[in-house]
Amino acid sequence: MKKNYIFFEFPIVFIFLILPPILQVESNSQVWNKGFYMGAIIQLFIALFLDFQHYYTVKNLKCLEENKTLRFKTLVTVLKWWPLTFGLLMLIYAFFLTLSILFPSVFSSSAFISYSFLDEKSKSIYFFKILFILFSFISAAYYEEVLYRQFFPNSLFFLGDFFLKKKNKVLQFLAESICLVFFALAHRYLGFAAVLNAALCGLVLRICTIKTKSVYTGTLAHCLYNILLFLVLYKSS
């Protein structure tokens, strides 16, 4: 199916969704401190829309459903890459956490947010803040996987193929690199260590998406990674 709408959609997504995080100077914890952040809900709906669109314009799901052998191989691939991806994400975080301890002047601890703002006298307020944070992590992980590991690279591939009239491996490598750089820079408000951490994590998650041909495996690993980090950082704050 031709995707001519991408010439209209891509500039809008790029200008309003991909560029703004690079200019962000305020941490998520500061945003949450101000009250309910509608951005989490907006991110979820955007991710659902882009994923739904991808579902019906790119994937040959009918073939996948009819081929039981392929379905089994896909399941095996997912079961293999989910723990591998999650494990690599945790190793990367542990690596940069160690560097932040050994070289605090270079790898600033600002990459590791404090969640002390959760301390509330009211248990009901505390409970709803926890639920909101968990919801935010789930929607943010799904949003980032759809945007940076699915829509962004696929759009660049399509535009490159359209203008060059053929596939080009150099262009594909450049497109992958651009997506990785933008994802890493979207975390610059957390400090130098966070940018490098996001770059390596983004690389692992993109490989996971390519290998499993789906953003859902990476989303699960990404979501659990964020939640585990939240539990660790909140306990230490």
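Structural data are supplied above this passage.
Fair warning: this is a prediction, and the values are worked out from it, not measured in the lab.

A few words on the nonpolar core. Core analysis: the biggest nonpolar cluster contains 26 residues, and Phe 10, Ile 18, Leu 147, Tyr 148, Phe 151 and Phe 152 have the highest contact counts within it. Put simply, the parts of the chain that give this core at least two residues each are helix H1 (6–18), helix H4 (39–57), helix H7 (123–164) and helix H8 (169–185). The dominant element in this core, judged by the number of residues it contributes, is H7, at 11 residues. When near neighbours in sequence (up to four residues on either side) are disregarded, Ile 18 contacts Val 13, Leu 147, Tyr 148, Phe 152 and Phe 182. Listed in part, the 13 residues of the second largest apolar core include Leu 89, Ala 221, Tyr 225 and Leu 229.

Glancing now at the pattern of salt bridges. Throughout the structure, instances matching the rule amount to 2 salt bridges. When the shortest N-O distance is used, the salt bridge between Glu 145 and Arg 149 registers 2.7 Å. You can see Glu 145 and its partner Arg 149 sitting in helix H7, 4 residues apart, about one turn around the helix. Overall, Arg 149 belongs to the buried group, its relative accessible area being 2%. The closest approach of N and O atoms between Glu 176 and Arg 206, which form a salt bridge, is 2.8 Å. Linking Glu 176 in helix H8 with Arg 206 in helix H9 (residues 192–212), this pair joins segments that are 30 residues apart in sequence. Given the relative accessible area of 21%, Glu 176 is considered partly exposed.

Attention shifts here to the packing of H8 against H9. As a packed pair, H8 and H9 sit with axes 8 Å apart at the nearest point and diverge in direction by 135°. The angle between the axes of H8 and H9 places the two elements in the oblique class. The element H8 and its partner H9 pack so that their crossing is right-handed. Residues Glu 176, Leu 180, Phe 183, Ala 184 and Leu 185 of H8 form the contact with H9, whose own contacting residues are Val 195, Ala 198, Ala 199, Gly 202, Leu 203, Arg 206 and Ile 210. Looking at the contact of H8 with H9 residue by residue, the classes come out as 9 nonpolar, 1 polar and 2 charged.

Where nonpolar side chains cluster on the molecular surface, the patch consists of Phe 8, Ile 12, Ile 15, Phe 16 and Leu 19 and spans about 520 Å² of accessible area. Among the secondary structure elements, Leu 19 is positioned in the loop between H1 and helix H2 (20–23).

This part takes up H1. For H1, spanning 13 residues, the distance from its first C-alpha to its last is only 15 Å, which falls clearly below the expected 18 Å at 1.5 Å a residue. Here H1 has its buried residues at Ile 6, Glu 9, Phe 10, Val 13, Leu 17 and Ile 18. Down the axis, H1 shows its buried residues gathered within 100° of arc, on one side only. Every exposed residue of H1 that faces more than 90 degrees away from the buried side is listed here: Phe 8 and Phe 16.

Topologically, Trp 81 is positioned in helix H6 (residues 68–102). Owing to a relative accessible area of 14%, Trp 81 belongs among the buried residues under this scheme. Considering only alpha carbons, one finds Trp 81 and Leu 205, 124 residues apart in sequence, at a separation of 9.8 Å. Filtering out sequence-adjacent residues up to four positions away, Trp 81 remains in contact with Ile 207, Cys 208, Lys 211, Thr 212 and Thr 217.

Quick notes on the rules
- Residues numbered from 1 in each chain as written.
- Predicted model: local features only at pLDDT ≥ 70, side-chain atom pairs only at ≥ 80, totals over all residues.
- Heavy atoms only, no water.
- Core = buried A, V, L, I, M, F, W, Y, C linked by side-chain atoms within 4.5 Å.
- Buried < 20%, exposed > 50% of the residue type's maximum accessible area, 1.4 Å probe, protein only.
- Helix = DSSP H or I, 4+ residues; strand = E, 2+ residues; numbered from the N terminus.
- Contact = heavy atoms within 4.5 Å.
- Salt bridge = Lys/Arg side-chain N within 4 Å of Asp/Glu carboxyl O.
- Axes fitted to C-alpha atoms, helices over the stretch in contact; angles between N-to-C directions.
- Parallel < 35°, antiparallel > 145°, perpendicular 65-115°, else oblique.
- Left-handed = near helix turned anticlockwise from the far one by under 90°.
- Nonpolar A, V, L, I, M, F, W, Y, C, P; charged D, E, K, R; others polar.
- Patch = residues over 30% accessible without salt bridge, like charges linked within 9 Å, V, L, I, M, F, W, Y side chains within 5 Å.
- Areas by Shrake-Rupley, 256 points an atom, 1.4 Å probe, with all protein chains shown as cover.
- Expected span 1.5 Å × (residues − 1).
- Arc of directions from axis to C-beta.

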